[in-house]
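# Close look at the chain arrangement
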Amino acid sequence: MDLLLVTLRFVHVVGGILWVGIAVFVPFYLIPAIADVGPDGGKVMAALQRRGIMNVLPLLAVATLISGFWLYWIRSGGLRAAYVATPAGAVFGIGGLVALAAFVVGITITRPSMIRAAAIMQSLPSLSADEREQQVALANRLRTRGAQVSRVIAWLLLVAAACMAIARYL
């Protein structure tokens, strides 16, 4: 048994399960539930941020991506065309690229939008009434944008997970 392969596979599978699970749960269940409870939902989001969800999720993603690309490198013999062109090699490769795209979108759009919205909401007590109204509107736009893009990311990750699940059988 090769300890490196076992470790990489463990990190990739467990990290992927957690990354995809959180990425699906948040936009399809958590965000709508928070919206249903109204203003108190902001307290839940603030509590999640204090617990580091905006830092843990990218770390899971990076661990999953690095271990996956490393496994692909090993399996393909250094990205040899003979493997990459096989059905399994192509589907593993597509899955990896889709997951990478989800990560890039999350890091460049969703994460900054949600962090900025949270910072705005925390600054509200120190603002005048007019400034507060403008900032709440901005925070709502940022949260809406983040939530919409989170759904796209969830679907991308489900496609990536499906690729990983079926590729070895092609």
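Residues numbered from 1 in each chain as written. Predicted model: local features only at pLDDT ≥ 70, side-chain atom pairs only at ≥ 80, totals over all residues. Heavy atoms only, no water.

## Brief notes about the nonpolar core
Here is the rule we go by: Only buried Ala, Val, Leu, Ile, Met, Phe, Trp, Tyr and Cys residues count toward a nonpolar core, and they belong to the same one when joined by side-chain atoms within 4.5 Å. Working definition: with a 1.4 Å probe on protein chains only, accessible area under 20% of the residue-type maximum means buried, over 50% means exposed, and in between means partly exposed. Under the DSSP-based scheme used, a helix requires at least four consecutive residues in state H or I and a strand at least two consecutive residues in state E, with every element numbered from the N terminus.
Core analysis: the biggest nonpolar cluster contains 13 residues, and W19, L65, A99, A102, I153, L157 and A160 have the highest contact counts within it. Elements with a minimum of two residues in this core: α1 (3–37), α3 (53–75), α5 (87–123) and α6 (129–166). The element best represented in this core is α6, accounting for four residues. Counting residues in hydrophobic clusters, the runner-up holds seven residues, among them V26, L30, M54 and A147.

## Section: unusual backbone geometry
Backbone geometry places L79, a non-glycine residue, at a positive phi of 65°. Inspection of the secondary structure puts L79 in the loop between α3 and α4 (81–84). What makes L79 partly exposed here is its relative accessible area of 46%.

## A look at empty space enclosed by the protein
Where empty space is left can be seen by rolling a probe of water-molecule size over the atoms. Stated precisely, the cut-off is as follows: Two kinds of site are reported from a 1 Å grid over the protein atoms alone, namely cavities, where a 1.4 Å probe fits but cannot get out, and pockets, open sets with protein on both sides within 12 Å along at least five of seven lines, and residues are called lining when an atom falls within 4 Å of a point. Grid points are joined across faces, edges and corners, and a volume is the space filled by probe spheres set on the points. Any residue that is not Ala, Val, Leu, Ile, Met, Phe, Trp, Tyr, Cys, Pro, Asp, Glu, Lys or Arg is counted as polar, Gly included; the first ten are nonpolar and the last four charged.
One pass over the full model with this rule turns up one cavity of 30 Å³ or more. Here the largest cavity defines a volume of roughly 380 Å³. Secondary structure elements with two or more residues in the lining of the largest cavity: α1, α2 (41–50), α3, α5 and α6. Its residues placed into classes, the lining of the largest cavity shows 19 nonpolar, three polar and one charged.

## With respect to a nonpolar patch on the surface
Defined as follows: Note on patches: the residues involved have over 30% relative accessible area and no salt bridge, like charges join within 9 Å, and the nonpolar side chains Val, Leu, Ile, Met, Phe, Trp and Tyr join within 5 Å. Per-residue and other accessible areas follow the Shrake-Rupley method at a 1.4 Å probe size, with only the shown protein chains counted as cover for residues. Salt bridges are defined by distance alone: a side-chain nitrogen of Lys or Arg within 4 Å of a carboxyl oxygen of Asp or Glu.
Together, L4, L5, V62, I66, W70, W73, I74, L79 and V84 give the surface a local cluster of nonpolar side chains, amounting to about 760 Å² of exposed area. Those elements that provide at least two residues to the nonpolar patch are α1 and α3. Looking at the nonpolar patch, the element that brings in the most residues is α3, giving five residues.

## A short note on the side chain of S76
Inclusion rule: Nitrogen and oxygen atoms within 3.5 Å of one another constitute a polar contact, given that in protein one can donate a hydrogen and the other can accept it, and given that sequence-neighbouring residues count only through two side-chain atoms.
Locating S76 in the fold gives a position in the loop between α3 and α4. There is a polar contact of 2.8 Å between the side chain of S76 and the backbone oxygen of Y72.

## Re α6
Put simply, the rule reads: Each helix should span, by expectation, one fewer than its residue count multiplied by 1.5 Å.
For α6, spanning 38 residues, the distance from its first C-alpha to its last is 55 Å, which sits close to the expected 56 Å at 1.5 Å a residue. Within the span of α6, buried status applies to L138, A139, L142, G146, A147, V149, S150, I153, A154, L157, A160 and C163.

## Things to note about the layout of surface pockets
Computed from the structure, the largest pocket encloses a volume of approximately 870 Å³. As for the largest pocket, its lining consists of 30 residues, of which R9, H12, L71, F92 and M164 are closest to the centre. Those elements giving two or more residues to the lining of the largest pocket turn out to be α1, α3, α5 and α6. Of all the elements, α1 adds the most residues to the lining of the largest pocket, at nine residues. Here the residues of the lining of the largest pocket sort into 20 nonpolar, seven polar and three charged.

## Side note on the environment of W73
Under the convention used in this document: It only takes one pair of heavy atoms within 4.5 Å for two residues to be counted as in contact.
Its location among the elements puts W73 in helix α3. Put simply, W73 and G146 are 73 residues apart on the chain and 33 Å apart in space, counted from C-alpha to C-alpha. For W73, the residues in contact, after removing those within four places along its chain, are G78 and L79.

## Focus on the packing of α5 against α6
As a reminder, the rule being used: To obtain each axis, a line is fitted to C-alpha atoms, and for helices this fit is confined to the stretch in contact; angles are then taken between N-to-C directions over 0 to 180 degrees. An angle below 35 degrees is read as roughly parallel, one above 145 as roughly antiparallel, one from 65 to 115 as roughly perpendicular, and any other as oblique. Crossing handedness follows the turn of the near helix against the far one: under a right angle anticlockwise gives a left-handed crossing, and clockwise gives a right-handed one.
Where α5 meets α6, the axes come as close as 8 Å, and the angle between the chain directions of the two elements is 160°. In terms of their interaxial angle, α5 and α6 are classed as roughly antiparallel. The interaxial crossing formed by α5 with α6 has left-handed handedness. Residues that form the contact of α5 with α6 fall into these classes: 25 nonpolar, eight polar and three charged.

Everything listed is a geometric property; what it means functionally is a separate question.
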